[in-house]
Amino acid sequence: MHATRSRTSPRRATPPAEHTARAFDPAAHFDGMPSVYAALANVCMQLSYPPVGRGVLESKVDSGNILKHPVKRGRTTLSYLAVAQLGDEATREAFRKAVDGQHRQVRSDTNSPVKYNAFDQRLQLWVAACLYKGSEDIQIALHGPMDADTAEAFYQYGACFGTTLQLRRELWPADRAAFEAYWQDMVQEICSKPMAPDLKLYLRRVLWTGRLTSGRVSQAVGAHFRRMNIGFLPPEFREHLGVTFSAEDQRYFDRHMRRVAALYERLPRQARLFPYNVLLWDVKRRIRFDVPIV
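Keep in mind the model is a prediction, meaning the values are calculated, not measured.

Draft legend 1. A look at the overall build of the chain. The helix and strand inventory of the chain stands at 15 helices and 0 strands. Residues counted as buried form 48% of the 294 residues belonging to the chain. Accessible surface, the chain: about 14,600 Å² in total, of which carbon and sulfur atoms supply 56%.

Draft legend 2. How the structure looks around the nonpolar core. Ranked by internal contacts, the top residues of the largest apolar core, which has 75 residues, are Trp 126, Trp 172, Trp 183, Leu 203, Phe 232, Leu 233 and Phe 237. In terms of residue count, the dominant contributor to this core is helix H6 (residues 121–143) (10 residues). Apart from residues lying up to four places away in sequence, Phe 232 is in contact with Tyr 37, Ala 38, Ala 41, Asp 137, Ile 138, Ala 141, Phe 253 and Met 257.

Draft legend 3. View of a nonpolar patch on the surface. Together, Met 33, Phe 274, Val 278 and Trp 281 line one region of the surface with nonpolar side chains, adding up to about 400 Å² of accessible area. Considering the arrangement of structural elements, one finds Phe 274 in the loop between helix H14 (269–273) and helix H15 (276–288). We classify Phe 274 as partly exposed; its relative accessible area is 40%.

Draft legend 4. The arrangement of the side chain of Arg 238 in detail. With respect to the element layout, Arg 238 can be found in helix H12 (residues 235–241). Here Arg 238 sits buried without a salt bridge, and the closest side chain of opposite charge, Glu 236, lies 8.0 Å off (N-O distance). Among all residues touching Arg 238, those that are not within four sequence positions of it are Ile 230, Gly 231, Leu 233, Val 243, Phe 245 and Gln 250.

Draft legend 5. Inspection of the pattern of salt bridges at higher detail. Tallied over the full model, the rule gives 14 salt bridges. Taking the shortest distance from any N to any O, the salt bridge between Arg 122 and Asp 120 comes out at 2.9 Å. Through salt bridges with shared partners, one network takes in Arg 54, Glu 58 and Asp 198.

Draft legend 6. Just helix H13 (residues 247–264), in detail. End to end, H13 covers 26 Å across 18 residues, agreeing with the expected 26 Å (1.5 Å per residue, within 8%). Every buried residue of H13 is listed here: Asp 249, Phe 253, His 256, Met 257, Val 260, Ala 261 and Tyr 264. Take H13 and look down its axis: the buried residues cluster within an arc of 140°, on one side only. Turned more than 90 degrees away from the buried face of H13, the exposed residues are Arg 258 and Arg 259.

Draft legend 7. Up close: the environment of Arg 238. Its relative accessible area of 13% is what places Arg 238 among the buried residues. When the C-alpha atoms of Arg 238 and Met 45 are compared, they prove to be 9.6 Å apart, with 193 residues separating the residues in sequence.

Draft legend 8. Region of the structure containing the packing of aromatic side chains. The final tally for this structure, using the stated rule, is 19 aromatic pairs. The interplanar angle of 70° and the centroid separation of 6.4 Å between the aromatic rings of Phe 24 and Phe 154 together place this pair among those described as edge-to-face. Of this pair, Phe 24 sits in the loop between helix H1 (17–21) and helix H2 (36–48) while Phe 154 sits in helix H7 (residues 148–157), placing them 130 residues apart in sequence. Each ring, one from Phe 30 and one from Tyr 157, has its centre 6.4 Å from the other, and the planes form 45°; the classification is tilted. Placement of Phe 30 in the loop between H1 and H2 and of Tyr 157 in helix H7 is noted, with a sequence separation of 127 residues between them. The cationic tip of Arg 227 hangs over the ring face of Tyr 252; the distance from NZ or CZ to the ring centre is 4.0 Å.

Draft legend 9. Here's a closer look at the confidence of the model for the chain. Summary statistics for the chain give a mean pLDDT of 89 and a share of 89% for residues scoring 70 or more. This model gives residues 1–21 a pLDDT under 50, and the stretch forms 39 contacts once residues within four places in sequence are excluded.

Draft legend 10. View of the packing of H6 against helix H9 (residues 176–191). The N-to-C vectors of H6 and H9 enclose an angle of 110°; their axes lie 11 Å apart at closest approach. Here H6 lies roughly perpendicular to H9, going by the angle between them. As H6 packs across H9, the resulting crossing turns out to be left-handed. The residues of H9 that touch H6, namely those facing Arg 122, Leu 125, Trp 126, Ala 129, Cys 130, Tyr 132, Lys 133 and Glu 136, are Arg 176, Phe 179, Tyr 182, Trp 183, Met 186 and Ile 190. Split into classes, the residues belonging to the contact of H6 with H9 amount to 10 nonpolar, no polar and 4 charged.

Rules behind the numbers
- Residues numbered from 1 in each chain as written.
- Predicted model: local features only at pLDDT ≥ 70, side-chain atom pairs only at ≥ 80, totals over all residues.
- Heavy atoms only, no water.
- Helix = DSSP H or I, 4+ residues; strand = E, 2+ residues; numbered from the N terminus.
- Buried < 20%, exposed > 50% of the residue type's maximum accessible area, 1.4 Å probe, protein only.
- Areas by Shrake-Rupley, 256 points an atom, 1.4 Å probe, with all protein chains shown as cover.
- Core = buried A, V, L, I, M, F, W, Y, C linked by side-chain atoms within 4.5 Å.
- Contact = heavy atoms within 4.5 Å.
- Patch = residues over 30% accessible without salt bridge, like charges linked within 9 Å, V, L, I, M, F, W, Y side chains within 5 Å.
- Salt bridge = Lys/Arg side-chain N within 4 Å of Asp/Glu carboxyl O.
- Lys, Arg positive; Asp, Glu negative; His and termini not counted.
- Expected span 1.5 Å × (residues − 1).
- Arc of directions from axis to C-beta.
- Phe/Tyr/Trp six-rings, centres within 6.5 Å; stacked < 30°, edge-to-face > 60°.
- Lys NZ or Arg CZ within 6 Å of the ring centre and 35° of its normal.
- pLDDT = per-residue confidence, 0-100.
- Axes fitted to C-alpha atoms, helices over the stretch in contact; angles between N-to-C directions.
- Parallel < 35°, antiparallel > 145°, perpendicular 65-115°, else oblique.
- Left-handed = near helix turned anticlockwise from the far one by under 90°.
- Nonpolar A, V, L, I, M, F, W, Y, C, P; charged D, E, K, R; others polar.

This is how it looks when you write it as structure tokens:
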């Protein structure tokens, strides 16, 4: 567990000039299919923050429940990531309006143990931070550490995970150092307190949503995805959720990621972007024909 820090707000500042001026090609830094290995881990990190977790547990938007509608929720989430990372401003605006309609229903009432509102900038910052952290972890696992300039450019672009919704750009921590301080403070705040039993049960079930329903092959695939997702879950969150990850699990994770990395280094760009590129095309098609996006 990290040492306790006093809680401070993230520094607000314009991104450094050298990074705003530098052209950043997002398509060169986002891999599609390997993201499924961190998707459920990312959900668990997001929802471990009580106001976010309660908002999902108590949500009246049943179609967004990952346990009841894993395919639909998965498509919507991956479509959002595709739009945030690769979409133009018009597509982002259309997606924002569609999500707004869902988020208006996500707010606490008098029976809620904690107050929450899906439009709360603090909560959106945490969700965006988790999405950025997950994307960085995948990049490093596949391609190794980025040089300092690339890492900072990647980080500055990561603000899109929040600004594609309502997060104001100035709330995104100014640089990677500011982000790291914010991240460690939040991890300490979240993991230093016991998790509510119903939320812990929900998140432990989430880690099994990759499991198919029957058959030995299905069970093996489910166990594989669970193992890989726990591998992407930071140790503090594993302990918080009460899930184990042994030395053998770590060796399994490392072996598999080396194989995936070797494959992805050889793929052409459009193949590496799948399914993000296809989902972005689908979102644009839905907008054009006035078909619901979410």
